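Tertiary structure, described
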Amino acid sequence: MGEMQAQLIPEAELIQKGSQVKVKRPRAGESGVWTVTGPVATPEPTDPAWDVTNTVSGRRRIFRSSRLILVRPPHKRGA
């Protein structure tokens, strides 16, 4: 069991362009599922920021990865 825990990858490192995420502790207008459109330049390499778009409303926001929960990884194309 200890070996499996050593192999786990932090959820924040799994987030990439095309992933679907939810926001931890959502505030007004931040609920629902969001699609990651790409990384944002940030001076904080330990907690990168992501540009996301709400899948229903189309609203765009920028969130730090520490506030995001991975719902679905990006679709693999051509496989």
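Higher on the page you've got the structure.
Anyway, here's the lowdown on the structure attached to this text.

Reading the values: the criteria
- Residues numbered from 1 in each chain as written.
- Predicted model: local features only at pLDDT ≥ 70, side-chain atom pairs only at ≥ 80, totals over all residues.
- Heavy atoms only, no water.
- Helix = DSSP H or I, 4+ residues; strand = E, 2+ residues; numbered from the N terminus.
- Core = buried A, V, L, I, M, F, W, Y, C linked by side-chain atoms within 4.5 Å.
- Buried < 20%, exposed > 50% of the residue type's maximum accessible area, 1.4 Å probe, protein only.
- Contact = heavy atoms within 4.5 Å.
- Salt bridge = Lys/Arg side-chain N within 4 Å of Asp/Glu carboxyl O.

Our focus in this paragraph is unusual backbone geometry. Unlike most non-glycine residues, Arg25 shows phi in positive territory, near 50°. The topology assignment puts Arg25 in the loop between strand S1 (20–23) and strand S2 (34–40).

Looking now at the nonpolar core. Grouped together as the largest cluster of nonpolar side chains are nine residues: Ile15, Val21, Val23, Trp34, Val36, Trp50, Val52, Phe63 and Leu68. Secondary structure elements with two or more residues in this core: S1, S2 and strand S3 (49–54). Ignoring anything within four residues of it in the chain, the contact list for Val52 reads Val21, Trp34, Thr35, Val36, Thr37, Arg59, Arg60, Arg61 and Phe63.

Tallied over the full model, the rule gives three salt bridges. Here Glu30 makes a salt bridge to Arg67, at a shortest N to O gap of 2.8 Å. Of this pair, Glu30 sits in the loop between S1 and S2 while Arg67 is found in the loop between strand S4 (60–64) and strand S5 (68–72), placing the two residues 37 residues apart along the sequence. Residue Glu30 shares its accessibility class with Arg67, and that shared class is buried. A salt bridge links Arg60 to Asp51, with the nearest nitrogen and oxygen atoms 2.2 Å apart. A cluster of three or more residues bridged by salt bridges with shared partners is formed by Glu30, Arg61 and Arg67.

Treat this as a map of the structure, not an account of what it does.
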